[in-house]
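The primary structure of each chain is shown beneath.
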Amino acid sequence: MKSNKHKAPHTTDTEFGGAIGAACLIVLLPLTVLFLLSVCVSVEGAVLRWPPPLPPHSDLYDPRAVFIITVWISTHILLYMLPVGKVSEGLVLRDGSRLKYPINGFHALCVTTVLVCVCVCVGVPLALLYELMVPLALCAMGVAFLLSLYLYARSFWAPAHALALGGNTGHAVYDFFMGRELNPRIGSFDLKYFCELRPGLIGWVVLNAVMLLKEVELTGSPSVSMLLVNAFQLLYVTDALWNEEAVLSTMDIVHDGFGFMLAFGDLVWVPFTYGLQAAFLVSHPHTLTPFSALAIILLNGIGYYVFRKSNSQKNQFRRDPTHASVRHLETIATATGKRLLVSGWWGFVRHPNYLGDVLMALAWSLPCGFSHILPYFYVLYFSVLLVHREARDERQCRAKYGAAWEAYCSRVPYRIIPYIY
Ligand SMILES: NC(=O)C1=CN([C@@H]2O[C@H](COP(=O)(O)OP(=O)(O)OC[C@H]3O[C@@H](n4cnc5c(N)ncnc54)[C@H](OP(=O)(O)O)[C@@H]3O)[C@@H](O)[C@H]2O)C=CC1
Ligand SMILES: CC(C)=CCC[C@@H](C)[C@H]1CC=C2C3=C(CC[C@@]21C)[C@@]1(C)CC[C@H](O)C(C)(C)[C@@H]1CC3
């Protein structure tokens, strides 16, 4: 890949199997969401049943779903634009500038929680959304497709330095999938940052609450399994929004363009597949023994501890390497002037944050028991995503840090799981 701030970057290395892989994913990802949702609400819940229990045409579209998605996204646009919370700067861009981002996602979550509670108290039938899952997902897919088309089209008016290094092969399908523009904005409204943390992530936990309400409607009280899935995933989303500033240094914001992959991932994949366990429990109740409930809580607690501590340690080190909590850690110098941690969490494995995340993912599936594979979809998909992400990050770090990265890899030989991988 070559780039400078005057000339548009031209990507030569491709990922996801290039244009053919991207084309397949554009078709397969929406079908996967529909398939998973349909299997999840079916009585058998069997992924291998053929033909799969797809909903009839008449159940695919519902004007109420269009209304709900419109109100939902508009509300979050408004909450994003409220002058509440601080404003932070992102990392330095290729043209030397830094963009400003509002840090008010946690406020948006609090307001949403209050709104959901008010709806429950005044008797709005939120459990009805359980029946509308498929039309809601289809409508969100429509939004993701339209947004991606808009993003692709507008990228041709963007200056060269505003394009991502990874999404500019010149092949329309691949670039549409990966995203050409790095930080597309309408005025000061950052489309990628907004989508990454707001409508989808908060939508995910609201849909989980809907599943809980549906279970209460059907059985009279929530099950321990349902409460655990709701509590664990709410903790994860709250953590993401509480630490919103940290997302400004993730690969998605710093490196990846905003195209179909992230638009679909943020607006459809996250809200409609990350909470499958809760949807599954509505039609497939599972009773946990107190011992297994405690063991699962412990697993989630350990996962969360590793995830949070390791992410915070790196963020603190990158922000201020002289801070009391990190200055004692051993590091190696790189030619870029930045240092790499080789002790503490980042001396344990090269991606301790992924290890913690995957332990949590497992804890989210276990409350559903072992009768079906479907509730384990998230942990399986997530393991593949993290292995792939680790390889992408490794490639970028090797290119950035050269010999220093090699030295780090020989000091810390395991990537995610000590002594295994
Ligand atoms: N739930 C979900 O669907 C997903 C969750 N995640 C989670 O998001 C979080 C962020 O992940 P992600 O953005 O992939 O990447 P990381 O937070 O792991 O960041 C990787 C970067 O950290 C820096 N780094 C790597 N090693 C060291 C070291 N030894 N010392 C100092 N800096 C180092 C490098 O950047 P530099 O040197 O330039 O600072 C590298 O590019 C993770 O916890 C992950 O689990 C991620 C994807 C999906
Ligand atoms: C199959 C498909 C379309 C994949 C697209 C991948 C996206 C779903 C994920 C890429 C990186 C993500 C992150 C989070 C959610 C999933 C996506 C968008 C994240 C917001 C979850 C909460 C975490 O605490 C996080 C903020 C670190 C994380 C950032 C990366």
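About the criteria used
Residues numbered from 1 in each chain as written. Chains lettered and ligands numbered in written order. Predicted model: local features only at pLDDT ≥ 70, side-chain atom pairs only at ≥ 80, totals over all residues. Heavy atoms only, no water. Helix = DSSP H or I, 4+ residues; strand = E, 2+ residues; numbered from the N terminus. Expected span 1.5 Å × (residues − 1). Buried < 20%, exposed > 50% of the residue type's maximum accessible area, 1.4 Å probe, protein only. Contact = heavy atoms within 4.5 Å. Core = buried A, V, L, I, M, F, W, Y, C linked by side-chain atoms within 4.5 Å. Near = heavy atom within 4 Å. Polar contact = N/O pair within 3.5 Å; in protein donor to acceptor, adjacent residues only side chain to side chain. Nonpolar A, V, L, I, M, F, W, Y, C, P; charged D, E, K, R; others polar. Salt bridge = Lys/Arg side-chain N within 4 Å of Asp/Glu carboxyl O.

Engineer: Which residues make up helix α13 (residues 352–365), and what values do they have?
Structural biologist: The first and last C-alpha atoms of α13 sit 21 Å apart over 14 residues, in line with the 20 Å expected at 1.5 Å per residue. Counting buried positions over the 14 residues of α13 gives twelve, a clear majority of the element. Looking at the packing, one finds that the buried side of α13 touches α7 (199–219), α8 (224–242), α11 (276–283), α12 (290–319) and α14 (377–401).

Engineer: Can you lay out the nonpolar core for me, pointing to particular residues and giving the numbers?
Structural biologist: Side chains of nonpolar character tend, in soluble globular proteins, to be buried together. Judged by nonpolar contacts, the single largest core of 104 residues is most densely connected at V33, F264, V268 and F272. Contact partners of F264, with chain neighbours within four places excluded, come to L29, P30, V33, M141, A144 and W269. Among the nonpolar cores identified, the runner-up in size contains 14 residues, and V326, L341, C397 and V412 belong to it.

Engineer: Residue-level account of the environment of I297, with values.
Structural biologist: Structurally, I297 is set in helix α12. Spatially, the C-alpha atom of I297 lies 43 Å from that of Y150, the residues being 147 residues apart in sequence. Excluding residues that lie within four positions of it along the chain, I297 makes contacts with L228 and F232.

Engineer: Talk me through the site of ligand 1; I want residue IDs and the actual numbers.
Structural biologist: Near ligand 1 you find 26 residues, and of these Y274, Y354, D357, R389 and Y401 are the closest. Here an oxygen atom of ligand 1 sits 2.6 Å away from a polar atom, N or O, in the side chain of Y274. Take Y354: an N or O atom from its side chain is 2.5 Å from an oxygen atom of ligand 1. Those elements giving two or more residues to the shell around ligand 1 turn out to be α12, β6 (339–341), α13, α14 and α15 (403–411). Here the element with the most residues in the shell around ligand 1 is α14; it accounts for eight residues. Considered class by class, the residues forming the shell around ligand 1 number 15 nonpolar, four polar and seven charged.

Engineer: Let's hear about the pattern of salt bridges: which residues, and what values?
Structural biologist: Tallied over the full model, the rule gives 19 salt bridges. Note that R185 and D190 form a salt bridge whose closest N and O atoms lie 2.9 Å from each other. The class of R185 is buried, set by a relative accessible area of 16%. Residue E330 pairs with R411 through a salt bridge whose shortest N-O separation is 3.0 Å. Of this pair, E330 sits in the loop between α12 and β5 (331–333) while R411 sits in helix α15; the two residues are 81 residues apart in sequence, bridging distant segments of the chain. What you see here is one network of salt bridges that share partners, running through E15, D256, R392 and R395.

Engineer: So what about the side chain of R185? Which residues, and what values?
Structural biologist: When you line up the elements, R185 lands in strand β3 (residues 185–186). Within polar-contact distance, the side chain of R185 engages the backbone oxygen of K100 at 2.7 Å. Separated by 2.9 Å, the side chains of R185 and D190 make a polar contact. Discounting residues that sit within four places of it in the chain, R185 has contacts with L99, K100, Y101, R154 and D190.

Engineer: Talk me through unusual backbone geometry; I want residue IDs and the actual numbers.
Structural biologist: Unlike most non-glycine residues, F16 shows phi in positive territory, near 55°. Locating F16 in the fold gives a position in the segment before α1 (18–41). Although it is not a glycine, Y419 adopts a positive phi angle of roughly 65°. Its place among the elements puts Y419 in the segment after α15.

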